There are 2 protein chains.
Amino acid sequence: MGTPRTYTYDYPMPAVTVDCVVFGWDDNDLHVLLIERGEKPYEGQAALPGGFIQVGRESLEQAARRELEEETGIRNYHLEQLGTFGNPDRDPRYHVVTVAYFALVRKSDHRPRGGTDARSAAWCPLDEVPSLAFDHDEILAVAKKRLYGKLRYKPLGFQLLPRKFPLRDLQRLYETASGGEVDKRNFRKKVLEMGILEDLNETESDVAHRAARLYRFNESAYRKRSRDGWHFEL
Amino acid sequence: MGTPRTYTYDYPMPAVTVDCVVFGWDDNDLHVLLIERGEKPYEGQAALPGGFIQVGRESLEQAARRELEEETGIRNYHLEQLGTFGNPDRDPRYHVVTVAYFALVRKSDHRPRGGTDARSAAWCPLDEVPSLAFDHDEILAVAKKRLYGKLRYKPLGFQLLPRKFPLRDLQRLYETASGGEVDKRNFRKKVLEMGILEDLNETESDVAHRAARLYRFNESAYRKRSRDGWHFEL
DNA sequence: GCAAAAGTGTTTCCCCTACACCCATGG
DNA sequence: CCATGGGTGTAGGGGAAACACTTTTGC
């Protein structure tokens, strides 16, 4: 270990952190990944996973991925910047500017992890989220709005569903996001006519009724159509 | 003046700046506001206006507005966060995280200011922008993309046009953003049927032919329709 | 055979598109 | 009176919306 040292500047400096809003989908509901804070400000309260960036050594996105892996072990997911929050009093200690990220993971890909992790990360249904530390309530609200808006015109839903999924599940996700019901036939027709889903000729198993056909998102088909000026919309 | 002092921390800290991409519209072209750098890194080169935040004293948006007023004198404009750029090597001196903002101003509202200002801010047509300092090229590219995209589904165009404008000018702006031609009759019909433009019963002056009718964006009508679930699209 | 969900076609209506001519004004 | 842009209506086609019944499977 290096000897403890300090860093001196001519002006006061802000701290910079990244915070991640990680969404997961569980058959019927959206969930967010929350941690329980183990340290001083807001100790014991729920918060978004995140932490300080390594100054001079990593980009913001790298920092977000690093923090997320350290705290939750997850890898391979959609990650995009959400926005930056920097009110001087958002952290009671000193001025902390946080760059919020927005992640979509397939819950099914990552072992259940019964919540018994280093800093106990746990999934929380989106409509049962408690009051969060710092301004994380606000960040979460922005993320939610962004997710719901973006699902309509970008194929983000496929980042939440398992790789193989029945159309019904996709429809459920879209109904959740739009807050309304969707006509089954029109939905299927529209989605299939996009030509971005691959029919796997497989069916669900372990269901107590007729098993549904499984599909997979065909990313290269999506990219090809996008290049040709088409754009996704649901 | 206080005596010069220094600030000491247990960890290295990044600097945080704000940079603004300010768009203006000039009858036929989009312009960006650029400054010429008067200081060391990239001295003499064009750059986006911006500067350091006042740690512990202001929010990010306040910082953006302050910098913009200091450097250009403009006030009252649409401002929104664009994104944050924090690669450790984006500034050759040390790690600087910059929060980029995106502003739309009515060029007509602000005196021409023949470029002879403190740090010489000047309008530059969007397709004649030189190579910029730092990663400002990248920031500008993101801003452009965002502007073009957002004009379609948010009434941002009215923040660029003068308060009173003929429909032709609105159409030109949309043609610029979409990169294509638009049918005059369909455009007018669609825009007027939205019910968010107020017909001023006035006409242009000083034109060498039939004078066009002037309109004004009716913000409260827009908000009312939005509340009722309608959404703007062009 | 029944409960439970999967899967499928057709018609209607509206909105977007394409398109060409007359009008007002200044010079 | 002519040049320049302002302003208007209509017909046709395509995609979204509405809507009900048959099929498969496990129990």
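Computed from a predicted model, the values in this text were never measured in an experiment. Chains are numbered independently. Their residues run from 1 in the order of the written sequence. Working convention: letters from A go to chains and numbers from 1 go to ligands, in the order in which they are written. Per-residue local features of the predicted model are confined to residues with pLDDT of at least 70, and side-chain atom pairs are confined, for both listing and counting, to 80 or more; whole-chain, interface and lining totals are unaffected and use all residues. Values shown for side chains rest on all heavy atoms present in the structure; no hydrogens or waters enter the calculation.

What follows is about the packing of aromatic side chains. Stacked, edge-to-face and tilted are the three classes for Phe, Tyr and Trp ring pairs, Trp counted by its six-membered ring, which pair at centre distances within 6.5 Å; planes under 30 degrees apart are stacked, over 60 edge-to-face, the rest tilted. This model, assessed by the stated rule, comprises 16 aromatic pairs over all chains. Measuring from ring centre to ring centre gives 6.0 Å for A:Tyr9 and B:Tyr9, while their planes differ by 55 degrees; the resulting arrangement is tilted. With A:Tyr9 in strand β1 (residues 7-9) and B:Tyr9 in strand β1 (residues 7-9), the pair connects residues from two separate chains. For the pair shown, A:Tyr9 and B:Tyr9 are each scored as buried. Measuring from centroid to centroid gives 6.1 Å for B:Tyr174 and B:Phe187, while their planes differ by 50 degrees, and the two rings are tilted. Taken together, the residues B:Tyr174 in helix α3 (residues 167-178) and B:Phe187 in helix α4 (residues 184-193) connect sequence positions 13 residues apart. A relative accessible area of 6% means that B:Tyr174 is categorised as buried. Pairwise contacts between aromatic rings join B:Phe158, B:Phe165, B:Phe217, B:Tyr222, B:Trp230 and B:Phe232 into one cluster. Above the plane of the ring of A:Tyr77 lies A:Arg65, whose end atom (NZ or CZ) is 4.8 Å from the centre. Strands are runs of DSSP state E lasting at least 2 residues, helices are runs of H or I lasting at least 4, and numbering of each runs from the N terminus. Here the term buried applies to any residue with accessible area under 20% of the maximum for its type, exposed to any over 50%, and partly exposed to those in between, with areas from a 1.4 Å probe on protein chains only. Note on criteria: charge over ring means Lys NZ or Arg CZ within 6 Å of the ring centre, with the direction from the centre no more than 35 degrees off the ring normal.

Once that is clear, we can look at a positive patch on the surface. Residue and element names in this part refer to chain A. Taken together, the side chains of Lys184, Arg185, Arg188, Lys189 and Arg210 define a basic patch exposed on the protein surface. Looking at the secondary structure, you find Lys184 in helix α4 (residues 184-193). Judged by its relative accessible area of 53%, Lys184 falls in the exposed class. Each patch groups residues whose relative accessible area exceeds 30% and which form no salt bridge, using 9 Å between like charges and 5 Å between nonpolar side chains of Val, Leu, Ile, Met, Phe, Trp and Tyr. Only the protein chains shown count as covering a residue, and every accessible area follows the Shrake-Rupley method with a 1.4 Å probe. Put simply, a salt bridge is a Lys or Arg side-chain nitrogen that is within 4 Å of an Asp or Glu carboxyl oxygen. For the purpose of counting charges, residues Lys and Arg are taken to be positive, whereas Asp and Glu are taken to be negative. His and the chain ends are not included. Charge positions come from single atoms, namely NZ of Lys, CZ of Arg, CG of Asp or CD of Glu.

Residue and element names in this part refer to chain A. An automatic or database domain assignment supplies the start and end points of every domain. According to the domain assignment, chain A contains domain 1 (15-151) and domain 2 (156-227). Each of domain 1 and domain 2 has a C-alpha centre, and the two are 27 Å apart. When checking whether two residues touch, look at their non-hydrogen atoms; a contact exists if any pair is within 4.5 Å. Between domain 1 and domain 2, the contact holds 17 residues from the first and 14 residues from the second. When two parts are put together, the accessible area they lose, computed with a 1.4 Å probe and summed over both, is reported as buried area. Buried area between domain 1 and domain 2, both sides added, is near 1500 Å², and the carbon and sulfur share of it is 61%. When the area that domain 1 buries against domain 2 is broken down by residue, the three leading residues are Trp25, Arg106 and Leu151, summing to 51%. One can count 0 salt bridges joining domain 1 with domain 2. In the analysis that follows, any N or O atom pair within 3.5 Å is treated as a polar contact, provided that within protein one partner can donate a hydrogen and the other can accept it, and provided that, for residues neighboring in sequence, both atoms belong to side chains. Remark: the boundary between domain 1 and domain 2 carries 3 residue pairs in polar contact (both at pLDDT 80 or more). Within the residue set of the side of domain 1 that touches domain 2, elements represented by two or more residues are β2 (15-25), β6 (78-85), β7 (96-104) and α2 (136-151). Polar here means any residue outside two lists: the nonpolar Ala, Val, Leu, Ile, Met, Phe, Trp, Tyr, Cys and Pro, and the charged Asp, Glu, Lys and Arg; Gly therefore counts as polar. Class assignment for the residues of the side of domain 1 that touches domain 2 results in 8 nonpolar, 4 polar and 5 charged.

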